[in-house]
Amino acid sequence: MRDQIKAYEEQAKAIEPNAEQRCTLREAIVNYTEQFLENIHDLEKIPAFQVHDTGIDLTKQPISDNPIELEKAIELIAKSVDREGLNPASGGHFGYIPGGGIYSSSLGDYWADITNRYAGVFFANSGAVRMENHLINWMKELVGYPESALGNLASGGSIANLTAIVAARDTADIRAHNISRHVIYLSKQAHHCINKAIHIAGLKECQVRHISLNDRFKMDMDALKETIAFDIKNGLKPWLLVGSAGTTDTGAIDPLNDMAQIAQKHEMWFHIDAAYGGFFMLTDYGKRQFHGIERSDSLVMDPHKGLFLPYGIGVVIVKNGEALRNSFTYKASYMQDISSLADECFSRINETF
Ligand SMILES: Cc1ncc(COP(=O)(O)O)c(C=O)c1O
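What you see is a predicted model, and the numbers here were worked out from it, not measured in a lab.

Conventions adopted
- Residues numbered from 1 in each chain as written.
- Predicted model: local features only at pLDDT ≥ 70, side-chain atom pairs only at ≥ 80, totals over all residues.
- Heavy atoms only, no water.
- Helix = DSSP H or I, 4+ residues; strand = E, 2+ residues; numbered from the N terminus.
- Buried < 20%, exposed > 50% of the residue type's maximum accessible area, 1.4 Å probe, protein only.
- Contact = heavy atoms within 4.5 Å.
- Areas by Shrake-Rupley, 256 points an atom, 1.4 Å probe, with all protein chains shown as cover.
- Lys, Arg positive; Asp, Glu negative; His and termini not counted.
- Charge placed at Lys NZ, Arg CZ, Asp CG, Glu CD.
- Patch = residues over 30% accessible without salt bridge, like charges linked within 9 Å, V, L, I, M, F, W, Y side chains within 5 Å.
- Salt bridge = Lys/Arg side-chain N within 4 Å of Asp/Glu carboxyl O.
- Domains from an automatic or database assignment.
- Near = heavy atom within 4 Å.
- Polar contact = N/O pair within 3.5 Å; in protein donor to acceptor, adjacent residues only side chain to side chain.
- Nonpolar A, V, L, I, M, F, W, Y, C, P; charged D, E, K, R; others polar.
- Pairing = 2+ DSSP bridges.
- Right-handed = clockwise from strand over helix to strand, strands pointing away.

## Describing the overall build of the protein
Inference 1: In terms of helices and strands, the protein carries 13 helices and nine strands.
Inference 2: Classification of the 353 residues of the protein by burial places 39% in the buried group.
Inference 3: Residue pairs at least 24 apart in sequence account for 72% of intrachain contacts in the protein once pairs closer than 6 positions are excluded.
Inference 4: As displayed, the protein has an accessible area near 20,900 Å², and 55% of this comes from carbon and sulfur atoms.
Inference 5: Placing the 34 positive and 45 negative side-chain charges of the protein at their respective mean positions leaves the two points 6 Å apart.

Dropping the structure here:
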């Protein structure tokens, strides 16, 4: 058996790049990305938006056992991907939400991809899990959530919002027999991922009210109160109130403190989508604008928006940490040996999707 494994090891070496080959690959990528960064402020060379071949040339390259030249591969990706469409890290990009720009984060990605540590469970890599929790604890403090709150890093705002909505659903024990009694209130400017999350969480049969806006594109509190009163009169149960702390279209911040007051009065779950705006809490001006955010039950912030990290990172935090744990903790036979460490996982919730 040992000899067989050794033989396989020898065979496998043929497909592992050696130090010299790694150096050639690395230098080619570093040279290319350096050139990209040197030119990023030159809108003649790298416009904020452009259309060439809409990436079609890339798809003409067959996926086969035969490799293509490194230079050709780089040119293909440069042309069909990097010189195509939006360049969100460009200073000329004013549409939508800017993204990218923190160089050290890209090196962090490189490092993490090489060492490839598994951060899904405490036993597999306690340091990586603690690193995640450390970041979440910092964000909890930033928004004024208690220590008992729990959170999770997700791939972006959409999955983070979905996670919070599932926790809210399970806390209210919404099931087939009572779903249509429950009412969700959103502003007309809520990001479409909230509607998507409602769908994915199986909540389409809830009553969904799109509350009108005031002249500053914020949720109109009178309209909200009137709608809630109407619903209660008709035997419905106001359940979920979703506020936006920085809408995608205008950056409007809903009246969070007033919404918290209303949610408290009617015993509703108050969720805030601060995917775009959340990190403005790092400024004194932002803190004043977000007054009341700490009264929410859950919230979402996206480091790949407000902190300019590379794409693929959103954060969900739920004030009643147990609600998150109850919705997302699962056991499996192959994980029996790690359950004794479960308590040390404290805020690590097993992702299930
Ligand atoms: C306010 C808001 N919420 C949620 C999202 C969804 O985030 P993601 O694209 O990271 O899933 C966006 C994206 O632009 C957003 O602006």
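Don't stop here, the text continues.
## Thoughts on a nonpolar patch on the surface
Inference 1: A cluster of nonpolar side chains, Phe49, Val51, Leu86 and Tyr96, forms an exposed patch at the surface whose accessible area comes to about 480 Å².
Inference 2: With respect to the secondary-structure elements, Leu86 resides in strand S2 (residues 85-86).

## Re the domain arrangement of the protein
Inference 1: For the protein, the assigned domains are domain 1 (2-95) and domain 2 (126-345).
Inference 2: For domain 1 and domain 2, the distance between their C-alpha centres works out to 37 Å.

## Details of the site of the ligand
Inference 1: For the ligand, the set of nearby residues contains 14 residues, the closest of which are Gly157, Ser158, Thr248, Asp273 and His304.
Inference 2: Asp302 is positioned with one of its side-chain polar atoms (N or O) 3.2 Å from an oxygen atom of the ligand.
Inference 3: In the complex, 83% of the free accessible area of the ligand, which totals 390 Å², lies under the protein chains.
Inference 4: Elements with a contribution of two residues or more to the shell around the ligand: helix H7 (157-171) and helix H12 (303-306).
Inference 5: Among the elements that make up the shell around the ligand, the one with the highest residue count is H7 (three residues).
Inference 6: A breakdown of the residues in the shell around the ligand according to their chemical character gives three nonpolar, eight polar and three charged.

## Quick word on the pairing of strand S8 (residues 298-301)
Inference 1: Residue alternation in S8 divides its side chains into two sets, Ser298 and Val300 and Leu299 and Met301, and both sets are buried.
Inference 2: In the sheet, strand S7 (residues 269-274) pairs with S8 via four bridges, with the strands oriented parallel. Following the sheet pairing, His271 is matched in S8 by Ser298.
Inference 3: Here S8 pairs with strand S9 (residues 314-318) via four bridges, running antiparallel. Residue pairing for S9: Met301 is matched across the bridge by Val315.

## Observations regarding the pairing of strand S5 (residues 207-211)
Inference 1: Examined bridge by bridge, strand S4 (residues 182-187) and S5 share five bridges and lie parallel to one another. Pairing of Tyr185 across the sheet is with Arg209, part of S5.
Inference 2: Where the polypeptide runs from S4 across helix H8 (residues 192-200) and back to S5, its parallel neighbour, the crossover connection is right-handed.

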